[in-house]
Amino acid sequence: MTFRELIAYLGAHSKHDVLDGEVASTLEKARSGTHRNPLAGQIVAALYEKTGLIDLEAPVERATAINALGPIRLAYMRDDAPVEGFRLVEEVVYLIDGAFNEEAQRLGQS
């Protein structure tokens, strides 16, 4: 799955504002800190930067994507973290699994 496909999937299936325009503009806003949902922007930027991707069409692996969110996930698991932030991070992790599961089914893999 490419980064573009993953972010498009998250945008289409999330209850939160993951996308801020098309995928390319979402990434640009996320990386510049101008995404309309700051936490979603932080998540998108981390998925891109922490996975070592070089463009939107670069392949991303499930484990790499989940691991990229580790520091954000830990920050929102603290007792004093906002509940809505925790819900967004957990939803994104769940949706990443769903995206890769759907891709595997589509490709006839188990």
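Residues numbered from 1 in each chain as written. Predicted model: local features only at pLDDT ≥ 70, side-chain atom pairs only at ≥ 80, totals over all residues. Heavy atoms only, no water.

Once that is clear, we can look at the environment of E102. Here E102 is to be found in helix α6 (residues 83-106). Along the chain, E102 and A65 lie 37 residues apart, while their C-alpha atoms are 16 Å from each other. (Helix = DSSP H or I, 4+ residues; strand = E, 2+ residues; numbered from the N terminus.)

With that settled, consider the side chain of H35. Mapped onto the fold, H35 is located in the loop between α2 (23-32) and α3 (38-49). Looking at H35, the relative accessible area reads 6%, which means it is buried. Side-chain polar atoms of H35 contact the backbone nitrogen of N37, separated by 3.0 Å. Setting aside chain neighbours within four positions, we find H35 in contact with D17, V18, L19, D20, T26, K29, A30, A40 and G41. (Buried < 20%, exposed > 50% of the residue type's maximum accessible area, 1.4 Å probe, protein only. Polar contact = N/O pair within 3.5 Å; in protein donor to acceptor, adjacent residues only side chain to side chain. Contact = heavy atoms within 4.5 Å.)

Attention shifts here to the pattern of salt bridges. Counted according to the given criterion, the structure contains seven salt bridges. The closest approach of N and O atoms between R4 and E57, which form a salt bridge, is 2.4 Å. With R4 in helix α1 (residues 3-13) and E57 in the loop between α3 and α4 (62-68), this pair connects stretches of sequence that are 53 residues apart. For E57, a relative accessible area of 44% corresponds to the partly exposed category. (Salt bridge = Lys/Arg side-chain N within 4 Å of Asp/Glu carboxyl O.)

Let us look at the nonpolar core. Counting 36 residues, the largest nonpolar core has F3, L6, L10, I43, L47, L69 and I96 as the members making the most contacts within it. Listed by contribution, the elements that provide at least two residues to this core are α1, α2, α3, α4, α5 (70-76) and α6. Among residues more than four places away in sequence, those in contact with I43 are L69, I72, L88, V89 and V92. (Core = buried A, V, L, I, M, F, W, Y, C linked by side-chain atoms within 4.5 Å.)

All right, on to the packing of aromatic side chains then. Within a pair of aromatic rings, the relevant descriptors are the distance that separates the centres and the angle that separates the planes. Inspection of the entire model under this criterion finds one aromatic pair. Between F3 and Y48 the ring centres are 5.2 Å apart and the planes differ by 70°, which places this aromatic pair in the edge-to-face class. Of the two residues, F3 is situated in helix α1 and Y48 in helix α3; the sequence distance between them amounts to 45 residues. Both residues of the pair, F3 and Y48, belong to the buried class. (Phe/Tyr/Trp six-rings, centres within 6.5 Å; stacked < 30°, edge-to-face > 60°.)

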